[in-house]
Amino acid sequence: MSRPPRILYFGKLTDVTGHTKETEQLPDTITDTNALRQWADSLHGNTGAFLEATIRIAIDSEIVPEPSPLSGATEIAFMPPVGGG
Amino acid sequence: MSRPPRILYFGKLTDVTGHTKETEQLPDTITDTNALRQWADSLHGNTGAFLEATIRIAIDSEIVPEPSPLSGATEIAFMPPVGGG
Amino acid sequence: MITLTPAPFDPAETLSAFKARAEGAGAIVSFTGLVRAESAYGPVSNLHLQAYSPMTETGIRTAHDRAMASWSLTAAAIIHRTGTMTPGDPIVFVATAAHHRRAAFEAADFLMDYLKTEAVFWKKETRVSGETVWIEPRAEDYTDSARWAETKG
Amino acid sequence: MITLTPAPFDPAETLSAFKARAEGAGAIVSFTGLVRAESAYGPVSNLHLQAYSPMTETGIRTAHDRAMASWSLTAAAIIHRTGTMTPGDPIVFVATAAHHRRAAFEAADFLMDYLKTEAVFWKKETRVSGETVWIEPRAEDYTDSARWAETKG
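Predicted model, so just to flag it, every value in this text is computed and none were measured. (Residues numbered from 1 in each chain as written. Chains lettered and ligands numbered in written order. Predicted model: local features only at pLDDT ≥ 70, side-chain atom pairs only at ≥ 80, totals over all residues. Heavy atoms only, no water.)

Caption draft 1: The overall build of chain C, seen in detail. Secondary structure assignment for chain C yields four helices and nine strands. The helix and strand sequence of chain C, counted from the amino end, reads β-α-β-β-β-α-β-β-β-α-β-β-α. Burial analysis of chain C (153 residues in total) assigns 56% to the buried set. Sequence-distant contacts, at least 24 apart, represent 76% of the contacts inside chain C between residues at least 6 apart. As displayed, chain C has an accessible area near 6,200 Å², and 54% of this comes from carbon and sulfur atoms. (Helix = DSSP H or I, 4+ residues; strand = E, 2+ residues; numbered from the N terminus. Buried < 20%, exposed > 50% of the residue type's maximum accessible area, 1.4 Å probe, protein only. Contact = heavy atoms within 4.5 Å. Areas by Shrake-Rupley, 256 points an atom, 1.4 Å probe, with all protein chains shown as cover.)

Caption draft 2: Fine view of the packing of helix α2 (residues 55-70) of chain D against helix α3 (residues 101-117) of chain D. Residue and element names in this part refer to chain D. Two numbers describe how α2 lies on α3: the axes approach to 10 Å, and their chain directions differ by 160°. Between α2 and α3, the angle falls in the class roughly antiparallel. At the point where α2 passes α3, the crossing takes the right-handed sense. Of α3, the residues touching α2 (which contributes Gly-59, Ile-60, Ala-63, His-64, Arg-66 and Ala-67) are Phe-110, Leu-111, Tyr-114 and Leu-115. Within the contact of α2 with α3, the residues separate by chemical class into seven nonpolar, two polar and one charged. (Axes fitted to C-alpha atoms, helices over the stretch in contact; angles between N-to-C directions. Parallel < 35°, antiparallel > 145°, perpendicular 65-115°, else oblique. Left-handed = near helix turned anticlockwise from the far one by under 90°. Nonpolar A, V, L, I, M, F, W, Y, C, P; charged D, E, K, R; others polar.)

Caption draft 3: The interface of chain C and chain D, seen in detail. Of the residues lining the interface, 32 residues belong to chain C; the matching set on chain D comes to 32 residues. Carbon and sulfur atoms supply 54% of the area that chain C and chain D bury against each other, a total of about 2,800 Å² over both sides. A per-residue breakdown of the area chain C buries against chain D is headed by Arg36(C), Arg101(C) and Phe105(C), which together make up 23% of the total. On inspection of chain C and its partner chain D, the count reaches six salt bridges. Note that Asp109(D) is salt-bridged to Arg102(C), the shortest N-O span being 3.0 Å. Counting every contact that joins chain C to chain D gives 13 residue pairs in polar contact (both at pLDDT 80 or more). Among the elements of the structure, α1 (11-21), β2 (27-34), α3 (101-117) and α4 (139-151) of chain C are those that each provide at least two residues to the side of chain C that touches chain D. (Buried area = accessible area lost by both parts, 1.4 Å probe. Salt bridge = Lys/Arg side-chain N within 4 Å of Asp/Glu carboxyl O. Polar contact = N/O pair within 3.5 Å; in protein donor to acceptor, adjacent residues only side chain to side chain.)

Caption draft 4: Just the relation of the copies chain C and chain D, in detail. Rotating chain C by 180° and translating it 0.0 Å along the rotation axis places it on chain D, where the RMSD comes to 0.0 Å. One copy is carried onto the other by what is essentially a two-fold rotation axis. A share of 100% of interface residues in chain C that are also interface residues in chain D marks the association as one of identical surfaces. (Least-squares fit on C-alpha atoms with pLDDT ≥ 70 in both.)

Caption draft 5: Local environment of the environment of Glu131(D). All names here are of chain D. One can find Glu-131 in the loop between β8 (121-127) and β9 (132-134). With 86 residues separating them along the chain, Glu-131 and Ser-45 place their C-alpha atoms 9.6 Å apart. Not counting residues within four places of it along the chain, the set of residues in contact with Glu-131 comprises Glu-125 and Thr-126.

Caption draft 6: Up close: the sheet that holds strand β1 (residues 2-5) of chain C. Strands sit in the order β1(C)-β5(C)-β7(C)-β2(C)-β2(D)-β7(D)-β5(D)-β1(D) across an open sheet of eight strands; the sheet is mixed. Unpaired on one side and paired on the other, β1 of chain C together with β1 (2-5) of chain D mark the two borders of the sheet. Pairs of neighbouring strands in the sheet enclose a mean axial angle of 10°, with direction left out of account. Both β2(C) and strand β7 (residues 90-98) of chain C contribute to a ladder of eight bridges, which runs antiparallel. Bridging across to β7(C), Gly33(C) finds its partner in Val92(C). Along the sheet face, helix α2 (residues 55-70) of chain C touches β1 and β5 (75-81) of chain C and points at about 150° away from the line of β1(C). (Pairing = 2+ DSSP bridges.)

Caption draft 7: Seen up close, the side chain of Arg127(D). Residue and element names in this part refer to chain D. Relative to the assigned elements, Arg-127 resides in strand β8. Here the side chain of Arg-127 touches Glu-125 through a polar contact of 2.7 Å, side chain to side chain. Beyond its immediate chain neighbours, meaning those up to four positions away, Arg-127 contacts Ser-39, Tyr-41, Pro-43, Val-44, Ser-45 and Val-133.

Caption draft 8: Looking closely at the arrangement of the chains. Ranking by contact count across three pairs of chains in contact places chains C and D at the top. Across the gap from chain B to chain C, with no contact made, the nearest C-alpha atoms are 13 Å apart. The least C-alpha distance between chain A and chain D, which are not in contact, is 13 Å.

Next comes the structure, spelled out in structure tokens:
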């Protein structure tokens, strides 16, 4: 068995979760990006913030088309729109 | 009687005259820019350098149309084309 | 040279080091971006920048390499802050060196357009009123960046 | 701030002083021009610049004032060397400060175009070969400067 991936939150999602790195471990039953979004949203108040289409998901530093499988991922990031520095 | 004007040489004319400020006093008989050009040219080897149309003459820091009278001038400058810094 | 740093930096010192490295160039352009005291919404208390390493660095590296190639630069440097800054603090510094000034100006302009529009940063403004806002991309910035798509491959 | 000086100056120190003066700006652009080791004609030994005071300063002041007005700058600085310089020496430094980067970039570009084409300077290049040449205006420089006539009054 591989280790569960790190889940990272950026931008406004940091405020929703209260942290930039998920402290909960991703359950084995969450196997694709759709399920991941639902899981994160229910974990953080069911606000719908994680379901927004403008939030992109990166797996191991690559933004992925959705839905994408999570298998083998080391790091998964929720990325709100980037606006430059 | 007013004092005779200072005569200044810039750019390539500095090399023709060997100095940036004329050491000879301008004679009273030289009353306009045409006569001034001829006088400077004869003073510095009759090379024609002072007769070139690309050399402009400034009287008291203003480039003048030619011929212009020299009366009342404090400073007269021979200005080759300026090329920026 | 690309640096992403949570620590304050001094643009003048950076320019000095860059000039030493740009030996032989005829033109050096620098850009310094500073935290403004006023945003569109009122007085600013602080600005917080998040980056996502190494994605942020990779994107900046790609823009850097494209600038080096497109304008035949002799050197380029990019420093970008992360973390919390207050008005007047430098956020970003870009320097470009080239034989001629046109190349140095255009490349610095291009790099800044990239950094201000496409670079992977998230930016939170805390206002003097206490309100906090995550800044969304501005339409104006996209327009600036789009200029380059037309002129450079 | 306009300075014409026969003494060497340090662009980094100048940027540091300018930044202190540009309090409140969001964007600072600097341009540094350096004596190149190679001209179109071969290796350069030194470069000698003559100015005609106060005509040279008056022209620079006019360009400065036009830039301040056209781009709503919060500050601008121009330093220009005169006298004899060797390769690597700074000849010219321009800095502009504005709220937004586009204004700072364009104004610095405009000022440099003025300084490199219309400013009242005479420039003698002494080559390593011993040959000396007074540099005449280049057609390329006139083209650069003409760009502004079309876009800014």
